[in-house]
Amino acid sequence: MTSLAATGFARPHRWLRTHPLAADSLLAGLVLVLVLVGAYLGPHTERRPPGLPYVLLTAAACACLVVRRRRPRTVLALTCVLTVVATVVACDEGPPRTQIATSVALALYTIAARTERPTAWRIVAVTVAVLTGAVMLFGPPPWYAQENLGLFAWTGMAGAAGDAVRSRRAYVAAIEERAVRAERSREEEARRRVAEERLRIARELHDVVAHHIALVNVQAGVASHIMDSRPDQAKQALAHVRQASRSALEELRATVGLLRQYGDPEAPTEPAPGLGVLDQLVDGFARVGLSVDVTATSTVPGTPATGTGAAGAAAVIGPLPGAVDLTAYRVLQEALTNVHKHAGPGARAEVALLRRPGSLDLTVLDDGGGRPAAAPAATPATAAEPGGGHGLIGMRERAVALGGICEAGPRAGGAGGFRVRAVLPLQARTGP
């Protein structure tokens, strides 16, 4: 039953909201009918009914309500004047007839509902005081008649009702605005997270592909060159190609597994690479002719001070936070890949690791393939080739994501070769 009633009144309600002038005209007619019915059926009507002047003044006051939204203060002034005049005119008709003040109450309600609170309350206070005082002073005696006291109460309540409506509208508008802002913030946060995740996955894919494909390319070239003259070594090179491609596929599978949706097969459970498998990384480069010397130093109490070789360096560095361990491995992987691709034949690389209580320093040096110091050192593709790869950019982004730094450039002192240095804090960033 309630739903039927709501459905039946929904269309007229929408029409009245879109036609405010028609709605105010209907309201003015309803107020006029109620005022006249109250005046003619009141307790004092038997003694003497209201005369024609009172009816005309009431009609004029109600007619003003048609434009109450366009000229609220003008309507309030006119209805107050007409109310006082009607009260004075009705002095000889017996007790006061204050039903006409209904128009004043509606005008006060309109002002209180559409005006800021301080101004609205000043207008309400002045109107209630002046109107009630004028009716008590110029109206029929006694001045303390219940109609006069009712006039004071009803006009004050009309102002309070208008203020309550204005407050509720402001509250609902504030809630809607906060909801819109929250929705916009959620969308922006979601887009930011998607962009960060996309960038992280792109770095992972670049590091995996650049390293392993470079090894595959070199070994495939060696196998093609010696296939006829030294088939045994060619088979060994092809075995290295197969091993490097298998490693690339495994790391790609682990990285792409991050993109799986709910309900997809479970992602691989292999741990992310770190310095614990640094010996495998160094061995992979050794098989393609790049000699890598690894040294490590630690200033952390209770740990070995120095170590050489990949396995010894990993023991000196010890366990690291997962993000730092992966970033250190990827930085070394990319730096050594650039040495292999750009430093020239016969190049040697030096990896130096320094473990401090709060950070890990990584330095990768190459000798430029034995070129003279005066000769310009070869640089990675990101620095030498227009539109090249993203190796250096990826290393810097990884380090900055942890709150660290990554520097790359020619070696100081005029020595040939290239230098990459990264400092990675061991504690996660707490700031934005």
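Heads up: these notes are all about the structure in this document.

About the thresholds
Residues numbered from 1 in each chain as written. Predicted model: local features only at pLDDT ≥ 70, side-chain atom pairs only at ≥ 80, totals over all residues. Heavy atoms only, no water. Helix = DSSP H or I, 4+ residues; strand = E, 2+ residues; numbered from the N terminus. Buried < 20%, exposed > 50% of the residue type's maximum accessible area, 1.4 Å probe, protein only. Contact = heavy atoms within 4.5 Å. Areas by Shrake-Rupley, 256 points an atom, 1.4 Å probe, with all protein chains shown as cover. Pairing = 2+ DSSP bridges. 1 Å grid on protein atoms, 1.4 Å probe; cavity = no way out; pocket = protein on both sides within 12 Å on 5 of 7 lines; lining within 4 Å. Points joined across faces, edges and corners; volume = space filled by probe spheres on them. Nonpolar A, V, L, I, M, F, W, Y, C, P; charged D, E, K, R; others polar. Arc of directions from axis to C-beta. Axes fitted to C-alpha atoms, helices over the stretch in contact; angles between N-to-C directions. Parallel < 35°, antiparallel > 145°, perpendicular 65-115°, else oblique. Left-handed = near helix turned anticlockwise from the far one by under 90°. Salt bridge = Lys/Arg side-chain N within 4 Å of Asp/Glu carboxyl O. Disulfide = S-S within 2.5 Å. Patch = residues over 30% accessible without salt bridge, like charges linked within 9 Å, V, L, I, M, F, W, Y side chains within 5 Å.

This paragraph deals with the overall build of the protein. Helix and strand counts for the protein come out as 13 helices and 6 strands. Sorting the 432 residues of the protein into buried and exposed places 38% on the buried side. For the protein, long-range pairs separated by at least 24 residues make up 68% of all intrachain contacts whose partners lie at least 6 apart in sequence. As presented, the protein carries roughly 24200 Å² of accessible surface, and 62% of it is formed by carbon and sulfur atoms.

Here the focus is the pairing of strand β4 (residues 359-366). The buried fraction of β4 amounts to 8 of the 8 residues, a majority that puts the element mostly inside the structure. Side chains of β4 alternate between two faces, with S359, D361, T363 and L365 and L360, L362, V364 and D366 buried alike. Across 7 bridges, the pairing between strand β3 (residues 348-355) and β4 is antiparallel. For L354, the partnering residue across the bridge sits in β4 and is D361.

Let's shift gears to the layout of surface pockets. Taken as a whole, the second largest pocket holds about 440 Å³ of empty space. Taken together, 13 residues line the second largest pocket, and the ones lying closest to its centre are R17, R68, R69, Y109 and R169. At 5 residues, helix α5 (residues 102-114) tops the list of elements feeding residues into the lining of the second largest pocket. Split by residue class, the lining of the second largest pocket holds 6 nonpolar, 2 polar and 5 charged.

Another aspect to go through is helix α10 (residues 309-317). An α-helix turns once per 3.6 residues; consequently, residues spaced three or four apart project the same way. Buried residues of α10: A310, A313, V316 and I317, and no others. Along the axis of α10, the buried positions cluster into a sector of 125°, meaning they face one direction only. Exposed residues on α10 whose side chains face more than 90 degrees from its buried face are A311 and A315. Elements in contact with the buried residues of α10: α9 (278-287), β1 (291-298), β2 (306-308), β3 and β4.

To characterise two packed helices, one gives the angle between the axes of the helices and the distance between these axes. One way to put it is that α5 packs onto helix α6 (residues 117-138) with a least axis distance of 9 Å and a crossing angle of 165°. Between α5 and α6, the interaxial angle falls into the category roughly antiparallel. Read as a crossing pair, α5 and α6 show a hand that is right-handed. For the pair formed by α5 and α6, the contact residues are V104, L108, I111 and A112 on the first element and A120, I123, V124, T127, V128 and L131 on the second. In terms of residue class, the contact of α5 with α6 is built from 9 nonpolar, 1 polar and no charged.

It is worth spelling out the pattern of salt bridges at this point. The final tally for this structure, using the stated rule, is 12 salt bridges. Measuring nitrogen to oxygen at the nearest pair gives 2.5 Å for the salt bridge that ties E183 to R186. Remark: R186 and E183 occur in helix α7 (residues 146-226); sequence separation between them is 3 residues, near one turn of the helix. Residue classification places E183 among the partly exposed residues on the basis of a relative accessible area of 37%. Classification of R186 as exposed rests on a relative accessible area of 51%. With a closest N to O distance of 2.5 Å, R192 and E196 form a salt bridge. Of this pair, R192 and E196 both sit in helix α7, 4 residues apart, which is roughly one turn of that helix. For R192, a relative accessible area of 37% corresponds to the partly exposed category. Through salt bridges with shared partners, one network takes in E189, R192, R193 and E196.

So, about the state of the cysteines. All chains considered together, the criterion is met by 0 disulfides. Considering cysteine sulfurs only, C64 is the nearest to C62, which forms no disulfide, with 8.9 Å between them.

The next point concerns a nonpolar patch on the surface. A grouping of V33, V37, Y40 and L41 is seen on the molecular surface, where their side chains present a nonpolar patch of about 390 Å² in accessible area. Structurally, V33 is set in helix α2 (residues 20-41). With relative accessibility at 47%, the residue V33 sits in the partly exposed group.

A few words now on the packing of helix α4 (residues 72-89) against α5. In contact at an axis separation of 9 Å, α4 and α5 are set at 160° when each is read in the N-to-C sense. Compared by their axis directions, α4 and α5 come out roughly antiparallel. For α4 against α5, the interelement crossing comes out left-handed. In contact with P72, R73, V75, L76, T79, C80 and T83 of α4, α5 contributes S103, V104, A107, L108, T110 and I111. Classifying every residue of the contact of α4 with α5 by side-chain character gives 8 nonpolar, 4 polar and 1 charged.

Turning to α9, its buried residues number three or more, namely L278, L281, V282, G284 and F285. Here the buried residues of α9 occupy an arc of 155° about the axis, which is enough to place them on one side. Count one or two residues on from α9 and you reach G289, which has phi positive near 95°.

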